[in-house]
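# What the coordinates show
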Amino acid sequence: MSVVVRNPARTERALVDGLGQLGVSTVHEAQGRSHLLDPALRPIWPGARVAGTAVTVSVPPGDNWMLHVAVEQCAEGDLLVVAPTTPSSAGYFGELLATAVAHRGVRGLVIDAGCRDVAELRDMGFPVWSRHVSAFGTVKETLGSVNVGLVCAGQWVEPGDVVLADDDGVVVVPRARAADVLRASRAREEKEARSRERYARGELSLDVNAMRAALAAKGLTYVDAEDQ
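Residues numbered from 1 in each chain as written. Predicted model: local features only at pLDDT ≥ 70, side-chain atom pairs only at ≥ 80, totals over all residues. Heavy atoms only, no water.

What the chain contains, in helices and strands, is eight helices and 11 strands. By principal-axis analysis of the C-alpha atoms, the chain measures approximately 75 × 40 × 35 Å. In the chain, which comprises 228 residues, the share counted as buried stands at 46%. Restricting the contact set of the chain to residue pairs at least 6 apart, pairs at least 24 apart contribute 76%. Just so you have it, the chain exposes about 11,700 Å², and 51% of that area is on carbon and sulfur atoms. (Helix = DSSP H or I, 4+ residues; strand = E, 2+ residues; numbered from the N terminus. Buried < 20%, exposed > 50% of the residue type's maximum accessible area, 1.4 Å probe, protein only. Contact = heavy atoms within 4.5 Å. Areas by Shrake-Rupley, 256 points an atom, 1.4 Å probe, with all protein chains shown as cover.)

Take a look at the structure:
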């Protein structure tokens, strides 16, 4: 059945923006090294960084009709998450759709397929993470769904979940876990800041992280070159 779900529950904006300050790698590690999308999804221009609430779009291969349907369901702070029902490298999304969703406050796009108009999207400052860049056009013939749970690049995404993306990749934070993951991510960031200060003073990570005993227990030994 094809369906459009209106007004799904969204993660609180303060949690989204808090997570967005921390970055994909930190959040991924803080939630148990989970919910990381396939690293084949890459930003179409470097330096982009975004966090938003997922508007999910399930699309047929080579058909972007439901992306046009999804525009109406977008709100300030959202991020489009698009997955084809079977693999497709077609260019589903370009400058015109970006203009439409940017007007509604959408922060970016994650798509497990193709996009196009890369130069224009870069000039607009509209961030996209995609599996392909392709000029190959799409049709508008077959229905899909908007704001339903779906698998995108190997991870389950529900509408309203937090999606973070930067140069390191894309990670999902389930809406129900967002507050806990934010706390864990901030704790990790504080720990890394302390480690960074110690490294800058010349301390070794072996000592900062108390690795020597574990290495010895695994059987690592040191010998001087002249003794060999």
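And the narrative resumes.
Our next topic: helix α4 (residues 95–103). When we look at burial in α4, the residues that qualify are L97, A98 and V101. Taken end-on, α4 shows its buried residues confined to a sector of 100°, consistent with a single buried face. Away from the buried face of α4 by more than 90 degrees, exposed residues L96 and H103 are located. Contact partners of the buried residues in α4: α3 (65–71), β3 (78–84), β4 (91–93) and α5 (118–124). Looking one or two places after α4, you find G105, whose phi comes out positive at around 90°. (Arc of directions from axis to C-beta.)

The next point concerns the nonpolar core. Counting 45 residues, the largest nonpolar core has L80 and F93 as its most contacted members. What F93 contacts, discounting residues up to four positions off in sequence, is L80, A98, V101, L109, G114, C115, R116, L121, F126 and V128. Grouped together as the second largest cluster of nonpolar side chains are 14 residues, L22, V27, A51 and V181 included. (Core = buried A, V, L, I, M, F, W, Y, C linked by side-chain atoms within 4.5 Å.)

Across the interface, helix α1 (residues 13–20) lies against helix α6 (residues 178–200) with an axial gap of 10 Å and an inter-helix angle of 30°. Classified by the angle between their axes, α1 and α6 sit roughly parallel to one another. The element α1 and its partner α6 pack so that their crossing is left-handed. Of the residues in α6, those touching α1 at L15, G18 and L19 are A178, A179, V181, L182, S185 and R186. (Axes fitted to C-alpha atoms, helices over the stretch in contact; angles between N-to-C directions. Parallel < 35°, antiparallel > 145°, perpendicular 65-115°, else oblique. Left-handed = near helix turned anticlockwise from the far one by under 90°.)

The residues that UniProt annotates with the feature "binding site: Mg(2+)" (unreviewed entry) are D117. Given the relative accessible area of 30%, D117 is considered partly exposed. For D117, the side chain forms a polar contact with the main-chain nitrogen of E95, separated by 2.8 Å. (UniProt positions renumbered as here; feature names shortened; annotations may be inferred. Polar contact = N/O pair within 3.5 Å; in protein donor to acceptor, adjacent residues only side chain to side chain.)

Next up on the list: the layout of surface pockets. A volume near 180 Å³ is recorded for the largest pocket. Every residue lining the largest pocket is counted, 14 residues in all, and those nearest its centre are N64, Y92, G94, L97 and R116. Going through the elements one at a time, β4 and α4 are the ones with two or more residues in the lining of the largest pocket. When the residues that make up the lining of the largest pocket are grouped by side-chain class, the tally is four nonpolar, six polar and four charged. (1 Å grid on protein atoms, 1.4 Å probe; cavity = no way out; pocket = protein on both sides within 12 Å on 5 of 7 lines; lining within 4 Å. Points joined across faces, edges and corners; volume = space filled by probe spheres on them. Nonpolar A, V, L, I, M, F, W, Y, C, P; charged D, E, K, R; others polar.)

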